[in-house]
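# Coordinate analysis (summary)
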Amino acid sequence: MQTYLLSQQFNARSLAENSTACPANATICSGTSCVLPEDNFNETLSIILSTVLTIMLALVMFSMGCNVDIKKFWGHIKRPWGIFVGFLCQFGIMPLTAFLLSLAFNVLPIQAVVVLIMGCCPGGTASNVIAYWVDGDMDLSISMTTCSTLLAMGMMPLCLFIYTKMWTDSNAIVLPYDSIGISLVALVIPVSFGIYVNHRWPSKAKVILKVGSIVGAVLIVLIAVVGGVLYKGSWIISPKLWIIGTIFPAAGYSLGFLLARIAGLSWHRCRTVSLETGMQNTQLCSTIVQLSFTHEQLELMFTFPLIYSIFQLLFALLILGGYRVYRRHRVKTKTDVEKTEEKEDSKSTSSHAKINGGFVSNETK
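Residues numbered from 1 in each chain as written. Predicted model: local features only at pLDDT ≥ 70, side-chain atom pairs only at ≥ 80, totals over all residues. Heavy atoms only, no water.

An unreviewed UniProt entry lists the protein chain under the name Ileal sodium/bile acid cotransporter, from Burhinus bistriatus. You can read under Sequence similarities (unreviewed entry) in the UniProt record for the protein chain the words "Belongs to the bile acid:sodium symporter (BASS) (TC 2.A.28) family." Under the Subcellular location (unreviewed entry) heading, UniProt states for the protein chain: "Membrane". (UniProt positions renumbered as here; feature names shortened; annotations may be inferred.)

Here's what the structure looks like:
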């Protein structure tokens, strides 16, 4: 929700009539300065779109669950090597990368903190949709998203305590455990239903999956557009944060893929880990910064989660496009090779038949 700073001085009489100088609908209040919704239109639009997006997200996650084999999913839980590699990427590589980027660009302390908050967030659900389109391991993708969201309740405070000490007191950062819990429930319940449908009615699950994957692609674009509409007046921000917002997701994708490959994971699992690493839960980051900082501080870094969201989506689409081009070229090349081999086999069989008076042995058939 786009906000603007409303500063209004109240006289003694009005202060006596009201227990607070800020209106009841103020989202952030500090003395007589409040952050309020810009207008009723944006507030109404935000509520409507949030409801629609929540329903769409539940449907998308339900359809993604329809591509999960319960035996393979349980196999990842029992032998969690892929999940462990993803855990190292999510809560090892990303916070460390955020810390190093903040130091390298020498940003303000409050800006460094928001970059670190982004780095400590769990993976976002959009990664599951992109993982499907790049032929990733959906069982691993779902299990990684679920586990990272669950582990975030303990790992986020730990990572923030370790990395933010030089800039601020980690106790000043408010972690919305209720939002993390809601994200977990919103992920687990629809996915569980999807897994059940895939187990019980595989043919119907395939149809649901195709529809859901298209809806998921639309949802990702819609979220980006909605963010641009609701926050259209909040894009004045330090150029350093724009640069970090560009580099950070690209580094997450690259380092996640590299670590997964070093760990010996297969190519499709490397793609999955890469996407799960680079795509963060930006909505959770926005919630944390709004709960933790004053309006003056928000002016310095409030838009960073949106910048990261845009570039993580842009790079994900580039990865998707690159993979699709590679796949089409590889399939085409493979088909040409198979046709050449068939022609050579046919010629060999024909010449062999002529030499042996038309007799063709069973070995050459």
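### Quick look at the packing of helix α5 (residues 109–120) against helix α7 (residues 138–163)
To describe two helices that pack against each other, one gives the angle between their axes and the distance between the axes. Relative to each other, α5 and α7 sit at 145°, their axes nearing to 10 Å. At the point where α5 passes α7, the crossing takes the right-handed sense. For the pair α5 and α7, the contacting residues are Leu116, Ile117 and Cys120 in the first and Met156, Cys159, Leu160 and Tyr163 in the second. Its residues assigned to classes, the contact of α5 with α7 shows seven nonpolar, no polar and no charged. (Axes fitted to C-alpha atoms, helices over the stretch in contact; angles between N-to-C directions. Helix = DSSP H or I, 4+ residues; strand = E, 2+ residues; numbered from the N terminus. Left-handed = near helix turned anticlockwise from the far one by under 90°. Contact = heavy atoms within 4.5 Å. Nonpolar A, V, L, I, M, F, W, Y, C, P; charged D, E, K, R; others polar.)

### Section: the UniProt feature "transmembrane region" (unreviewed entry) in the protein chain
Per the UniProt annotation, the sites labelled "transmembrane region" (unreviewed entry) are residues 45–63, 83–105, 112–134, 140–163, 175–196, 208–230, 242–263 and 306–326. Here residues 175–196 runs as 91% helix and 0% strand, with 33 Å between its end C-alpha atoms.

### Considering helix α11 (residues 267–278)
Taking 1.5 Å as the rise per residue, α11 with 12 residues should run 16 Å; its terminal C-alpha atoms sit 17 Å apart, in good agreement. Counting buried residues along α11, nine of its 12 residues qualify, which places the element largely inside the surrounding structure. Here α11 has its buried residues at Cys270, Arg271, Thr272, Val273, Ser274, Leu275, Glu276, Thr277 and Gly278. (Expected span 1.5 Å × (residues − 1). Buried < 20%, exposed > 50% of the residue type's maximum accessible area, 1.4 Å probe, protein only.)

### Some details on the nonpolar core
Core analysis: the largest hydrophobic core is formed by 41 residues, its most contacted members being Val115, Ile117, Met156, Leu241, Ile244, Phe248 and Phe304. Of all the secondary structure elements, the ones that give two or more residues to this core are α4 (81–105), α5, α7, α10 (239–262), α12 (282–292) and α14 (304–355). At nine residues, α5 tops the list of elements feeding residues into this core. Not counting residues within four places of it along the chain, the set of residues in contact with Phe248 comprises Met94, Thr97, Ala98, Leu101, Val115, Met118, Gly119, Phe304 and Tyr308. (Core = buried A, V, L, I, M, F, W, Y, C linked by side-chain atoms within 4.5 Å.)

### Considering unusual backbone geometry
For residues other than glycine, phi is negative in most cases, and the peptide bonds are mostly trans. The phi angle at Asn106 is positive, at roughly 50°, despite the residue not being glycine. Here the phi dihedral of Asp135 falls at roughly 60°; this positive angle occurs in a residue that is not glycine. Within the secondary structure layout, Asp135 lies in the loop between α6 (126–133) and α7. Assessed through its relative accessible area of 30%, Asp135 is described here as partly exposed.

### Some remarks on the side chain of Gln90
Structurally, the position occupied by Gln90 is in helix α4. For Gln90, a relative accessible area of 2% gives the class buried. Of the polar contacts made by the side chain of Gln90, one reaches the backbone nitrogen of Gly123; its length is 3.5 Å. Those residues in contact with Gln90, other than ones at most four positions away along the chain, are Pro95, Gly119, Cys121, Pro122, Gly123, Ser148, Glu276, Thr277 and Gln280. (Polar contact = N/O pair within 3.5 Å; in protein donor to acceptor, adjacent residues only side chain to side chain.)

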